[in-house]
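Listed below are the residues making up each chain.
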Amino acid sequence: MIKNYLKIAMRNILRYKGYSAINLASLTIGLVCVILISLWIQDELSVNKNHKNSKNLYRVILVDKTYDKGKKYPVTPPPLAEVMKESFPEIQKAGRYYDGGYQFVKSDNIVFKEKLTYIDEEILDMLTFEFLHGEKTSALNDPSSIIISEKIAEKYFGNENPLNKTLVINNQENFKVSAVVKDFPNNSTFSSDFFVLFETRQTFSPYENVETWINWSINTYLMLPENIDIKAFNEKIRHYIDQYYTYTWQPTLELQAFEDLHLRDMNGGGVIVYIYIFGLIAIFILVIACINYMNLATARASLRGKEIGLRKVSGASKKSLVVQFLTESVFQSIFALVIAYLVAALMLQTFNEISGKAINYSVLFNSVLVPLLFIITLITGLLAGSYPAFYLSSITPVQVIKNAKTTGSPLLRRILVIFQFILSIVLIFSTITVSRQMKYINNKDLGFDKENILYCSLNREINEKYDLIKNELEQYPDINSVCVTSSHLGIHAIGSADIDEWTGNDDGRKVLVNMMTGSYDFLKTFNISLVAGRFFEKKFTTDTAAAVLNEAAVKALNLKDPIGVKLFNQYPVIGVVKDFNFESLQEPIEPLFIFLDPRDMLHMAIKINSENPTETIENIKTTILNFAPNFPFEYQFLDDQHKSLYKSVNQLGKLFNSFSILAIFISCIGLIGLATFMAQRRTKEIGVRKILGSSVRNIVMMLSLDFIKLVIISNVIAWPIAWLMMNKWLQNFAFKTNISWKIFVLSGMISLIVAMLSVIFQALKAATNNPIESLRYE
Amino acid sequence: MSQKELIKTVDLIKTYRTEEIETLAVNKVNFTVYEGEFVAIMGPSGCGKSTLLNIIGMIDSPTGGEYFFNDIEISKFSEKQRANLRKHNIGFIFQSFNLIDELTVYENVELPLIYQKISATERKERTLKALDQMNMTHRKNHFPQQLSGGQQQRVAVARAIVADPKLILADEPTGNLDSEHGEEVMDILTELNDKGTTIVMVTHSPSFADYAQRVVHLFDGNIVTENMKEKFRV
C-alpha cells in the first residue's frame, strides 16, 4: 500500500511541476535554514563541553549591590579559593585562574606575543587537559614550569621534543616546558596556550600586591558534588567574604554554573538570547513552509477530488486516505531534507564567513544533528500534511460527482496567510531594526577619534626610554601625536573604584568611578574635547597626583565647580573632559577618573596621518626597535580593535538578516503559488467580468485587493509583536537606535510591495487573458 | 422591421494558430444584422458559430476583414476601445450561464451597471426592474448554486438586459436546460425582441431556431444558407 502511495506521490510531484517546485523549494529553503541554525546553535552549545567535569564546575562571582539593583562581576580576591575550600567540606576542588594578557615569549631567537594564563595546580584536575607530553601530576610542581599547547610546541620547537626546553617571558623570567597539552577547541572560551603557576604572577607584577583581599581580579573555580543544592550553597557563601573583607563596601558572593559561562551573561542576556532568537526564526521558517504546503494542497483539492472520490468508491477508508496524504507530505519533506543537506553543505563556507564560525563538513553528519533533523523533517511533513490530509479525506464521492466546490475553506486559508504574513512582517520589522542598530553602533560618534591610531604595547625598554621615543617619533611629519594610556579607548577602562571622600561630600555618599590613565597629549592624540580646566602637562610636576574627570563623573559627584575639588583626599581635579564612550556601546557612559600614573601605563598610542601609513609604520618600527631591541614590534590599529569588538554583534546581525530574508522569500513563493491558484480558480469570474466591461486594471485590483487586505490585517497584528520583541532586544544596548514610526511604515510598505510583486504577475496574466479563453474551461 | 444595419461584416476571417497547424474558424463571412432582428446561427460543432458570435460580441477580434457595428468599423479597435463599446451596447447570455458564484443574484445582475459607472440609486432601480422582468426578485439574495438551471439562466438574461443593450448575443442559451425551461428562455428572448432588442443566437436546436426571423447556417467557417422566414411570429 505504501508503495502505491509513494507512486501516486511521485506522479503528483511530476504532474504538477509548478506546485511541486514551490512546495519543494519552500521546504528545502526552510530546512536549509534549520540545518544552518542547528549547526550554529550546536556550535554555541558545545562551547566548553570538552571539559568532562563541566556539570560539577562553578565560577565564584561577585555581586555588588552598592548601586541600583546590583551588578555581577566574575572576579574574586586571590586568597578566596583556598579559604573557601577549608571552610566548606562540599568543595571537592578549588582553583584560581587568571588571564594574564599578552606577554613576549622567547625561545632562542624567536619572540612572539602570547597569551599567558596563571592557574593553580588544582585547575588541572578541574578542567580537562589532554596531556601529550609530560605528566599532569608533575606539570606545575615548580614555579618555573610552563605548560604549552600542541600548536605552540610546534610553533617554537618544530619537530623537536619540547619537554624541558626553555622559554623566556618578557626577557626576564626563564620557564621550562613541563608538559604539552592538546589545543582547546576553536570555540573554547579558555583559549590560552601557556599556563604557569599562579604564584609566579607576583614576579610579573612587582608594583602590585597580588595576594591581598582587596585585589578583585581573579577567577575562582570550584568543583562541587553532582547532587549539591546550589541554591542552598549560594545562601551559605553569600556573606562568606564578610569575615575577610572589612571595607565599607560589602560585596557578596554567588556561584555561576560553568556551563553557563559562555551562554548566559551574569547580568542578563548573553548568547542564550541569540540561541532562542535563532531557534524561533527556525520555527518561523518551518511554519511558513508548512503553511505554503497546507495552502497549496487544500487549494488544489479540486484537482484531486476525482481521485479521492474514486478511491472512496473503490473502498478506501478515511483513515487510509489520511495515511496516503500524510505519506505524500512526509515523502516530500524527506526529499526536501536530502536536497537541503546538499545545499547546506554547499553553503557551509559562506555560512562560516557570515557567522564567523569554523564549522566543518563532518559536523553536518554528526550523531546528534542527523536524527534531530530527521525528526524535525518528520514533524514538518506531518504538520504540513495534517490539514490537507484530514480535509481531503473528508471529501465525499457525491461532492465530486456533483462537481461541488472542493477547494477547502477560504477562511482558513486566509487565516494561514495572515499568520504567515505576521511572521514575515515581524521578521521584516526586526531586520530593519537590527540593521539600523548595527549601522548606529558602527557609525556612532564615540566622542574621540579612533581612526589612524596605532597601538603598541609597552615593554620594559619602551617604558624606560618613553620620553626619547616620543620625542623622536614626533619628529616625523606623518606622526601627529604620541601618548601612553592604560586603555584601549572605546573598549574598556582598567578598573573602578569608589570615591567616598571629596570636598563637599558631607553626607558620606559613594560614587563608583571607572579608572583610566592618560599621559600628556592624551587629549590631542584622541581628539577629546576639554570642557573645563586643563589636562595633565609636563610643566606641572604635581600632576602625577591630580585627576581629570569626565562630565558624567562631575554630575555623579554633584560638583558645581569641579576644578580644585580633592578626590580620595589627595587628587585635585584639574580638568573636565567631554563625555566619550570609553567602554563599548553596550555600556552607558559612566563616571571616569583619568590619572597620570606611569605604573598603570600599558599601551603607547600614536596618531598618524592616513596618507602613507606603510612608510609611517616602518618609521615607527625602526624608531621603537632602536630603543627597545629586545622586544618584537607589534601593533594594532584602534579601529580594527573596535571592529573586532563589534564583530560578533555584526555577525549575529548579518546572520539574523540573512535568515529573515530567506523566511520572507519562502513566504513570497508561497504567495505566488496561492495567487496563481486564486487566479486560476477565478478564471471564469475574470472572463465574465471582462465581458461585462471590466478593465484590466479593475481585475488586477480585484485580485490584488484580497491579498492587500490580508497584508494590512497582518501588519496591524504584527507591529505590536515586533515592537515588543525589538524593544526587548535593544535593551541589551546602552546606546541604541530608536524604533521610529518610519520602521512601522517601512515594514508595512515592504510587506505590501513584496505581496503585490508576488501577486501582480499572476493577476496581470489572468486579467489580460482573452475572456473567451477564460470561459472555454467551463 | 427597420432597415438600419446594426452589424455588418465584410470578408471576416478568423484563424487560430497552434504550434503546428492553422485553423480557419471563420472564412470570409459577409453577414448583416439589421436593428430589431432576431437571427439564429446554426451549424455543426466546430463550424465557427461561437467564434463568429464572439467576434460580433467584441470579445474576440477578427484576423482579417472588416466589422461594422452601428456603422463604425471596429476590427482594428484595441481591447480597451472594444470593451468600452461592448459594455454600452451588448448583453451576453451563455450556455453555462457564467454567473459569478461568489456574488448573489442581485449582485450578478447589478455588475454591468457598476462597470458603466451608473449611480447606486439608479443601479438599484434598474437591477430590481430586470429581476422583476425575469421573475427572480424573490431570489435576489440567493447565490447561483442555490438555483436551478432555468433560474440561473433567467438571472443571466436579467444581467444581459439590465444595461438595456441594443444587441443581445446568446450562445446556446438553452443548451443546459430541459425543454420546458428552454422554451421559457426562448419566450423571454422573443419578448425582448418584440420590444426592439436585436438578438443573435447560436443554437443547435431547429425548434428553438424557429423562434428567430432568420436562420443562418454555417459550415466550416462559411455561411452556406440564409433563410428568411416568410411569416414573422407575433
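Residues numbered from 1 in each chain as written. Chains lettered and ligands numbered in written order. Predicted model: local features only at pLDDT ≥ 70, side-chain atom pairs only at ≥ 80, totals over all residues. Heavy atoms only, no water.

Details of the overall build of chain B
Argument step 1. When helices and strands are tallied, chain B shows 7 helices and 10 strands.
Argument step 2. Overall, chain B is about 45 × 40 × 40 Å in size when its C-alpha atoms are taken along their principal axes.
Argument step 3. Among the 234 residues that make up chain B, the fraction classed as buried is 53%.
Argument step 4. Sequence separation of at least 24 residues holds for 68% of the intrachain contacts in chain B that already meet a minimum separation of 6. (Helix = DSSP H or I, 4+ residues; strand = E, 2+ residues; numbered from the N terminus. Buried < 20%, exposed > 50% of the residue type's maximum accessible area, 1.4 Å probe, protein only. Contact = heavy atoms within 4.5 Å.)

Topic: unusual backbone geometry
Residues and elements named next belong to chain B.
Argument step 1. The residue K28 is not glycine, and still its phi comes out positive at about 45°.
Argument step 2. If you trace the backbone, K28 turns up in strand 2 (residues 22-34).
Argument step 3. We classify K28 as exposed; its relative accessible area is 53%.
Argument step 4. We note that K117 has phi near 55°; this positive angle belongs to a residue other than glycine.
Argument step 5. When you line up the elements, K117 lands in the loop between helix 3 (105-115) and helix 4 (120-133).
Argument step 6. On the accessibility criterion, K117 (73% relative accessible area) is exposed.

Focus on a nonpolar patch on the surface
Residues and elements named next belong to chain A.
Argument step 1. On the surface, L280, I712, I713, V716, I717, I721 and M725 cluster together into a nonpolar patch covering about 550 Å² of accessible area.
Argument step 2. By residue number, the principal contributor to the nonpolar patch is helix 25 (residues 696-730), which donates 6 residues.
Argument step 3. Mapped onto the secondary structure, I717 falls in helix 25.
Argument step 4. Overall, I717 belongs to the partly exposed group, its relative accessible area being 38%. (Patch = residues over 30% accessible without salt bridge, like charges linked within 9 Å, V, L, I, M, F, W, Y side chains within 5 Å. Areas by Shrake-Rupley, 256 points an atom, 1.4 Å probe, with all protein chains shown as cover. Salt bridge = Lys/Arg side-chain N within 4 Å of Asp/Glu carboxyl O.)

Comments concerning the confidence of the model for chain B
Argument step 1. Looking at chain B as a whole, its pLDDT mean stands at 86, while 96% of the residues score no less than 70.
Argument step 2. As scored by the predictor, the complex reaches a pTM of 0.76 and an ipTM of 0.74. (pLDDT = per-residue confidence, 0-100.)

Thoughts on the interface of chain A and chain B
Argument step 1. Across the boundary between the two partners, chain A contributes 18 residues, which contact 20 residues of chain B.
Argument step 2. Note on chain A versus chain B: buried area summed over both sides is about 1800 Å², and carbon and sulfur give 56% of it.
Argument step 3. At the boundary of chain A with chain B, the tally comes to 0 salt bridges.
Argument step 4. Across the contact surface, chain A and chain B share 3 residue pairs in polar contact (both at pLDDT 80 or more).
Argument step 5. Those elements giving two or more residues to the side of chain A that touches chain B turn out to be helix 24 (683-691) and helix 27 (771-776) of chain A. (Buried area = accessible area lost by both parts, 1.4 Å probe. Polar contact = N/O pair within 3.5 Å; in protein donor to acceptor, adjacent residues only side chain to side chain.)

Quick notes on a negative patch on the surface
Argument step 1. Taken together, the side chains of D178(B), E180(B), E183(B) and D187(B) present a region of like negative charge at the surface.
Argument step 2. The residue E183(B) is located in helix 6 (residues 179-194) in this model. (Lys, Arg positive; Asp, Glu negative; His and termini not counted. Charge placed at Lys NZ, Arg CZ, Asp CG, Glu CD.)

Notes on the pattern of salt bridges
Residue and element names in this part refer to chain A.
Argument step 1. Applying the stated criterion to the full structure yields 35 salt bridges over all chains.
Argument step 2. Here K357 and E44 are joined by a salt bridge, their closest N and O atoms 2.4 Å apart. One end of the pair, K357, is in the loop between helix 12 (318-355) and helix 13 (361-364); the other, E44, is in helix 2 (residues 17-46), and 313 residues separate them in sequence. In terms of burial, K357 and E44 fall into one category: buried.
Argument step 3. The closest approach of N and O atoms between K55 and E259, which form a salt bridge, is 3.7 Å. With a gap of 204 residues between them, K55 in the loop between helix 2 and strand 1 (57-64) and E259 in the loop between strand 11 (252-257) and helix 9 (260-263) connect regions that are remote in the sequence.
Argument step 4. Note on K55: relative accessible area 58%, which makes it exposed.
Argument step 5. The class of E259 is partly exposed, set by a relative accessible area of 30%.
Argument step 6. The structure contains a network of salt bridges with shared partners spanning K72, E235, R238 and E254.

Digging into the sheet that holds strand 1 (residues 5-17) of chain B
Argument step 1. Taken together, the 4 strands give an open sheet; going across it, the order is 2-1-4-5 (chain B), and neighbouring strands pair in antiparallel fashion. Only two strands of the sheet have a single partner each, and these edge strands are strand 2 and strand 5 (72-73) of chain B. (Pairing = 2+ DSSP bridges.)

Some details on the pairing of strand 21 (residues 603-608) of chain A
Residues and elements named next belong to chain A.
Argument step 1. Burial runs high along strand 21: 6 of the 6 residues are buried.
Argument step 2. A two-sided burial pattern is seen for strand 21, the buried positions comprising H603, A605 and K607 on one face and M604, I606 and I608 on the other.
Argument step 3. Direction of pairing for strand 12 (residues 453-457) relative to strand 21: antiparallel, over a ladder of 5 bridges. Looking at the pairing, Y455 lines up with A605 of strand 21.
Argument step 4. Note that strand 13 (residues 479-485) and strand 21 share 6 bridges and pair antiparallel. Pairing of V482 across the sheet is with I606, part of strand 21.

Let's talk about the nonpolar core
Argument step 1. Counting residues in hydrophobic clusters, the biggest one holds 139 residues, and the most contacted among them are F526(A) and M604(A).
Argument step 2. Looking at which element gives the most residues to this core, the answer is helix 10 (residues 271-299) of chain A, with 17 residues.
Argument step 3. Formed by 39 residues, the second largest nonpolar core is a distinct cluster that contains F38(B), L113(B), V185(B) and M186(B). (Core = buried A, V, L, I, M, F, W, Y, C linked by side-chain atoms within 4.5 Å.)

What about the packing of aromatic side chains?
Residues and elements named next belong to chain A.
Argument step 1. Under the criterion given, the structure shown has 40 aromatic pairs over all chains.
Argument step 2. Relative to F733, the ring of W729 has its centre 5.1 Å away and its plane inclined at 65°; by these criteria the two rings are edge-to-face.
Argument step 3. With relative accessibility at 8%, the residue W729 sits in the buried group.
Argument step 4. Put simply, the rings of F448, Y455, F522, F526, F535, F536, F580 and F582 pair up and form one aromatic cluster.
Argument step 5. The positively charged end of R201 is found above the aromatic ring belonging to Y98, 3.8 Å away from the centroid.
Argument step 6. Directly above the aromatic system of F540 lies the positively charged group of R534, at a separation of 3.8 Å from the ring centroid. (Phe/Tyr/Trp six-rings, centres within 6.5 Å; stacked < 30°, edge-to-face > 60°. Lys NZ or Arg CZ within 6 Å of the ring centre and 35° of its normal.)

A word on the side chain of R214(B)
Residues and elements named next belong to chain B.
Argument step 1. Within the secondary structure, R214 is located in strand 9 (residues 214-219).
Argument step 2. Of note is the side chain of R214, whose polar atom sits 2.5 Å from the backbone oxygen of T32.
Argument step 3. Within the structure, the side chain of R214 is placed 2.7 Å from the side chain of E37, a separation counted as a polar contact.

Re the packing of helix 23 (residues 647-681) of chain A against helix 26 (residues 741-768) of chain A
Residues and elements named next belong to chain A.
Argument step 1. Orientation of helix 23 relative to helix 26, taken along the N-to-C sense of each, is 25°, at an axis distance of 9 Å. Of the possible angle classes, the one that applies to helix 23 and helix 26 is roughly parallel. As helix 23 runs across helix 26, the sense of the crossing is right-handed. Residues I664, C668, L671, I672, A675, T676 and A679 of helix 23 form the contact with helix 26, whose own contacting residues are V754, A755, S758, V759, Q762 and A766.
Argument step 2. Residue composition of the contact of helix 23 with helix 26, by class: 10 nonpolar, 3 polar and no charged. (Axes fitted to C-alpha atoms, helices over the stretch in contact; angles between N-to-C directions. Parallel < 35°, antiparallel > 145°, perpendicular 65-115°, else oblique. Left-handed = near helix turned anticlockwise from the far one by under 90°. Nonpolar A, V, L, I, M, F, W, Y, C, P; charged D, E, K, R; others polar.)

Focus on the side chain of D543(A)
All names here are of chain A.
Argument step 1. Among the structural elements, D543 can be located in the loop between strand 16 (530-533) and strand 17 (547-550).
Argument step 2. Judged by relative accessible area, which is 1%, D543 ranks as buried.
Argument step 3. Within polar-contact distance, the side chain of D543 engages the side chain of R534 at 2.8 Å.

Section: helix 26 of chain A
Residues and elements named next belong to chain A.
Argument step 1. For helix 26, with 28 residues, the first-to-last C-alpha span of 38 Å sits near the 40 Å given by 1.5 Å per residue.
Argument step 2. Taking the largest bend as the criterion, helix 26 deviates by roughly 35°, centred on V759.
Argument step 3. Inspection of helix 26 places I743, F744, S747, G748, S751, A755, S758, V759, Q762, A763, A766 and A767 among the buried residues, and these make up the whole buried set.
Argument step 4. In this structure, the buried residues of helix 26 make contact with helix 16 (410-443), helix 23, helix 24 and helix 25. (Expected span 1.5 Å × (residues − 1). Bend = angle between axes of the 7 residues up to and from the residue.)

Considering the packing of helix 2 of chain A against helix 14 (residues 369-393) of chain A
Residue and element names in this part refer to chain A.
Argument step 1. Where helix 2 meets helix 14, the closest approach of the two axes is 11 Å, and the angle between their N-to-C directions is 145°. Like other packed secondary-structure pairs, helix 2 and helix 14 cross with a definite hand, here right-handed. Counted together, L27, L31, V34, I35, S38, L39 and Q42 of helix 2 and L369, L373, I376, T377 and T380 of helix 14 form the full contact between these two elements.
Argument step 2. Grouping the constituent residues of the contact of helix 2 with helix 14 by class yields 8 nonpolar, 4 polar and no charged.

Side note on the environment of R82(B)
Residues and elements named next belong to chain B.
Argument step 1. Checked against the element boundaries, R82 lands in helix 2 (residues 79-89).
Argument step 2. Considered as a pair, R82 and D132 are 50 residues apart in the sequence and their alpha carbons are 30 Å apart.
Argument step 3. Setting aside residues no more than four positions away along its own chain, R82 makes contact with M58, I59, D60, S61 and F77.

A look at the sheet that holds strand 12 of chain A
Residues and elements named next belong to chain A.
Argument step 1. Taken in spatial order, the 4 strands of this open sheet run 13-21-12-22, and their pairing is antiparallel. Each of the sheet's edge strands pairs with one partner strand only, and the pair in question is strand 13 and strand 22 (636-637).
Argument step 2. Across 2 bridges, strand 12 lies against strand 22 in antiparallel orientation. For Y455, the partnering residue across the bridge sits in strand 22 and is Q636.

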